[in-house]
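Observations on chain architecture
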Amino acid sequence: MSKPSSLFDRVPAYAGDPILSLMQLFQADARPHKASLGIGLYFDDAGRIPVLDCVRQATAAVAGEERPSSYLPMEGLPAYRQAVQALVFGAGHEAVLSGRIATLQSPGGSGALKVGADFLRQHGTAGQVWVSDPTWDNHVALFEGAGFEVGRYPYYDEATGGIRVQAMIDTFRCLPAGTVVLLHASCHNPTGVDLTHADWQAVIDVVAERGLVPFVDMAYQGFGDGLDEDAWAVRTLASQGIEFLVANSFSKNFSLYGERVGGLSVVCASQDAAQRVLGQLQAAVRRNYSSPPAYGARIVEHVLCSPQLLALWQQELGAMRERMLQMRRGLHSALNSRLGTQGAFDFLLRQRGMFSYTGLNPAQVERLREVHGVYLVASGRLCVSGLRTDNLQHVAAAIADVLEREAAETA
């Protein structure tokens with residue numbers, strides 16, 4: 001008698017996440033001079049994920065509070081949500097003071113994107129979302145999973161290392177009203193190339209003209225030029241009366257990756273609309289994960305609501321930002337010195353945040369890994385915070401080797 005077929009016989013195997021799979025290869029590599037420049041984690045100069053002093057103090061304070069571990073409200077902790085609004089928009093922003101922003105606590109930035117995508121798909125958008133070319137791969141997966149058709153608008157210019165701003169704007173002009181456009185507030189992932197303020201204003205103008213729906217991903221606030229500077233586009237959108245969504249994350253800037261702490265804010269035309277939107281966001285949360293986790297949010301809330309800890313966090317965040325800038329400058333100098341070039345690597349200095357698009361092709365990336373133990377993702381994206389004082393020269397020598405080898409082979 002034959003065995004009946006399983007319900008799951010036709011379920012395909014999961015290919016795995018390419019970045020997480022790369023991390024597994026790195027961990028299995030026994031070479032002492034290997035360098036992990038693939039995964040988007042902030043490392044200090046000793047190669048460790050830091051525990052910030054402000055987080056350490058807040059953790060001790062939260063641990064000393066005797067309270068039952070009950071479910072949080074679907075929208076999250078009230079004081080946390082208020083602190084998120086103040087950080088993202090500025091405490092004195094008109095949109096905050098008028099109560100026309102609906103904000104909820106989310107499980108990281110990914111949770112905010114998922115809830116926002118579900119909300120938009122159910123409430124009257126065009127069913128299309130356009131993301132930058134390139135973008136973080138999970139943007140596509142999250143929106144397709146919510147039922148959106150995903151398109152790609154021009155962004156990165158391989159020839160100049162800049163942005164195809166006019167092509168981006170021309171594409172937006174052709175999109176139907178209600179189309180969602182996913183925008184990176186700062187520290188663009190994966191390129192590290194950001195719009196200027198003038199570019200942003202041109203984009204905002206066409207978004208308003210065409211009735212598009214901006215969804216801003218702000219995963220790296222404070223890693224680019226500063227907390228306020230990196231939120232410029234978000235605050236400008238809110239000031240110009242545009243209704244939009246913004247997802248923010250505390251994984252990187254608080255070094256709280258495993259605690260999954262983030263937020264979703266929807267800027268509305270009125271307080272009444274914001275209250276109705278918050279209700280529908282609560283419904284979306286209930287359908288997804290019911291209520292957010294408490295522990296990490298209490299830590300972030302404690303820091304953001306304490307003037308002393310807030311000042312300490314800003315100081316520590318500034319040190320993280322400065323270290324990444326120093327590594328950019330160091331790699332730029334080392335590559336110019338080894339290859340005898342001037343200007344070829346200036347893109348390293350123009351880019352911002354954790355990532356750099358190096359221009360290396362998949363074959364060069366593979367040689368970096370196989371020959372030198374230097375791990376980048378196949379697109380050539382390099383995580384700047386993986387550079388350290390003790391591996392920077394090795395990484396520069398490895399990149400110089402693959403560039404010189406290709407030049408010799410094509411000569």
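Here, the structure is the one placed above.
Worth saying up front: this structure is predicted, and the values here are computed from it rather than measured. (Residues numbered from 1 in each chain as written. Predicted model: local features only at pLDDT ≥ 70, side-chain atom pairs only at ≥ 80, totals over all residues. Heavy atoms only, no water.)

**What about unusual backbone geometry?**
Condition: Helix numbering and strand numbering both begin at the N terminus, where a helix is a DSSP run of H or I of at least 4 residues and a strand a DSSP run of E of at least 2.
Here the bond from aspartate 133 into proline 134 is cis, since omega is 5°, no more than 30 degrees from zero. Residue placement: proline 134 occurs in the loop between strand E3 (128-133) and helix H6 (137-145). With an omega of 25°, the peptide bond running from asparagine 189 to proline 190 counts as cis. Tracing the chain through its elements places proline 190 in the loop between strand E7 (180-184) and helix H8 (197-210). Residues other than glycine seldom take positive phi values, yet cysteine 187 does so here, at roughly 55°. Position of cysteine 187 among the secondary structure elements: in the loop between E7 and H8.

**A look at the sheet that holds strand E8 (residues 213-218)**
Selection criterion: Strands were regarded as paired on the criterion that DSSP finds at least two bridges between them. Every axis corresponds to a line fitted to the C-alpha atoms, with the helix fit spanning only the stretch in contact, and the corresponding angles, defined between N-to-C directions, vary from 0 to 180 degrees. In this analysis, two residues are considered to be in contact whenever any of their non-hydrogen atoms come within 4.5 Å of each other.
Strand order in the open sheet made by the 7 strands is E2-E10-E9-E8-E7-E3-E4, with mixed pairing throughout. Where the open sheet ends on each side, the last strands, each with one partner, are strand E2 (101-106) and strand E4 (149-154). Mean inter-strand twist for the sheet, computed between neighbouring axes without regard to direction, equals 20°. Of the strands in this sheet, E3, E4 and E7 are in contact with helix H7 (residues 165-173), which crosses E4 at around 140°.

**Remarks on the packing of helix H2 (residues 53-63) against helix H13 (residues 307-339)**
To keep things clear, this is the line we draw: Angular relationships are summarised with four words: roughly parallel below 35 degrees, roughly antiparallel beyond 145, roughly perpendicular across 65 to 115, and oblique for the angles in between. Any residue that is not Ala, Val, Leu, Ile, Met, Phe, Trp, Tyr, Cys, Pro, Asp, Glu, Lys or Arg is counted as polar, Gly included; the first ten are nonpolar and the last four charged.
For the pair H2 and H13, the least separation of the axes is 8 Å and the interaxial angle reads 150°. The angle between the axes of H2 and H13 places the two elements in the roughly antiparallel class. Contact with H2, carried on its side by Asp53, Cys54, Gln57 and Ala58, involves Leu309, Leu312, Trp313 and Glu316 of H13 and no other residues of that element. Here the contact of H2 with H13 is built from residues that sort into 5 nonpolar, 1 polar and 2 charged.

**Here we look at the packing of H8 against helix H10 (residues 232-239)**
As a reminder of what qualifies: Put simply, a crossing is left-handed when the front helix is turned counterclockwise from the back one by less than a right angle, and right-handed when it is turned clockwise.
It is the contact of H8 with H10, at a shortest axis distance of 11 Å, that shows an interaxial angle of 35°. The handedness of the crossing between H8 and H10 comes out as right-handed. On H10, the residues that touch His197, Trp200, Gln201 and Ile204 of H8 are Trp232, Ala233, Thr236 and Leu237.

**Quick word on helix H16 (residues 392-410)**
Our working rule: By this rule, a helix spans an expected 1.5 Å times one less than how many residues it contains. Three labels apply to residues, based on accessible area from a 1.4 Å probe with only protein chains included: buried if under 20% of the type maximum, exposed if over 50%, partly exposed otherwise in between.
Relative to the 27 Å expected for 19 residues at 1.5 Å per residue, H16 spans 27 Å between its end C-alpha atoms, a close match to the ideal helical length. Burial in H16 covers these residues: Leu392, Val395, Ala396, Ala398, Ile399, Ala400 and Val402. Considering only its buried residues, H16 is in contact with strand E1 (35-36), H13, helix H15 (362-372), strand E12 (374-375) and strand E13 (381-383).

**Considering the packing of aromatic side chains**
Note the threshold: Note on ring pairs: Phe, Tyr and Trp rings are taken, using the six-membered ring of Trp, and paired if centres are within 6.5 Å. Classes follow the plane angle, with under 30 degrees stacked, over 60 edge-to-face and the rest tilted. Each ring is checked for a lysine NZ or an arginine CZ that lies within 6 Å of its centre and within 35 degrees of its normal; such an atom marks a charge sitting over the ring.
Applying the stated criterion to the full structure yields 11 aromatic pairs. A centroid spacing of 5.6 Å and a plane angle of 70° characterise the contact between phenylalanine 143 and phenylalanine 148, whose relative ring orientation is edge-to-face. We note that phenylalanine 143, like phenylalanine 148, is buried. Each member of the aromatic cluster is reached from another via a ring pair, and the members are Tyr80, Phe250, Phe254 and Trp313. In this structure, arginine 121 packs its charged tip against the face of phenylalanine 148, placed 5.7 Å from the ring centre. Over the face of the ring belonging to phenylalanine 355 we find arginine 381, whose NZ or CZ atom lies 3.9 Å from the ring centre.

**Regarding the environment of leucine 97**
Summarising the element assignment, leucine 97 is placed in helix H4 (residues 94-97). Along the primary structure leucine 97 and glutamine 271 are separated by 174 residues, whereas in three dimensions their C-alpha atoms are 10.0 Å apart. What leucine 97 contacts, discounting residues up to four positions off in sequence, is Ala91 and Gly92.

**Comments concerning the pattern of salt bridges**
Pairing is possible between side chains of opposite charge, provided their charged atoms come close. Definition in use: Here, a salt bridge means any Lys or Arg side-chain nitrogen found within 4 Å of an Asp or Glu carboxyl oxygen.
Taken as a whole and judged by the stated rule, the model has 15 salt bridges. Put simply, arginine 173 and aspartate 170 hold a salt bridge, and the shortest N to O gap is 3.5 Å. Of this pair, arginine 173 and aspartate 170 are both found in helix H7, 3 residues apart, which corresponds to roughly one turn of the helix. Classification of aspartate 170 by relative accessible area gives partly exposed; the value is 38%. When the shortest N-O distance is used, the salt bridge between aspartate 228 and arginine 235 registers 3.0 Å.

**A word on the nonpolar core**
The following threshold applies: Residues belong to a common nonpolar core when they are buried Ala, Val, Leu, Ile, Met, Phe, Trp, Tyr or Cys residues joined through side-chain atoms within 4.5 Å.
Phe89, Phe223, Val234, Phe244, Phe250, Phe254 and Trp313 are the most contacted members of the largest nonpolar core, which has 85 residues in total. Looking at this core, the element that brings in the most residues is H13, giving 10 residues. Leave out the neighbours within four places in its chain, and valine 234 touches Val88, Phe89, Ala185, Val216, Met218, Phe244 and Val246. Judged by nonpolar contacts, the second largest core, of 31 residues, contains Leu104, Leu142, Leu245 and Ala273.

**What to know about the pairing of E7**
So the rule is basically this: The path from the first strand over the helix to the second decides the hand: if it runs clockwise while the strands point away from the viewer, the crossover is right-handed.
Most of E7 is tucked away: 5 of the 5 residues are buried. Residues Val180, Leu182 and His184 line one face of E7 and the alternating positions Val181 and Leu183 line the opposite face, and both faces are buried. Looking at chain direction, E3 and E7 are connected through 2 bridges and run parallel. Residue pairing across strands places valine 129 opposite valine 180, the latter belonging to E7. In the sheet, E7 pairs with E8 via 5 bridges, with the strands oriented parallel. For leucine 183, the partnering residue across the bridge sits in E8 and is valine 216. Assessed by its sense of winding, the connection that carries the chain from E7 through H8 to E8 is right-handed.

**Quick look at H10**
Side chains that are three or four residues apart share a direction in an α-helix, a result of its 3.6 residues per turn. Across the 8 residues of H10, 6 count as buried, placing the element largely inside the fold. Regarding H10, the residues found buried are Ala233, Val234, Arg235, Thr236, Leu237 and Ala238. Taken from the residues just after H10, glycine 241 is the one with a positive phi, measuring 75°.

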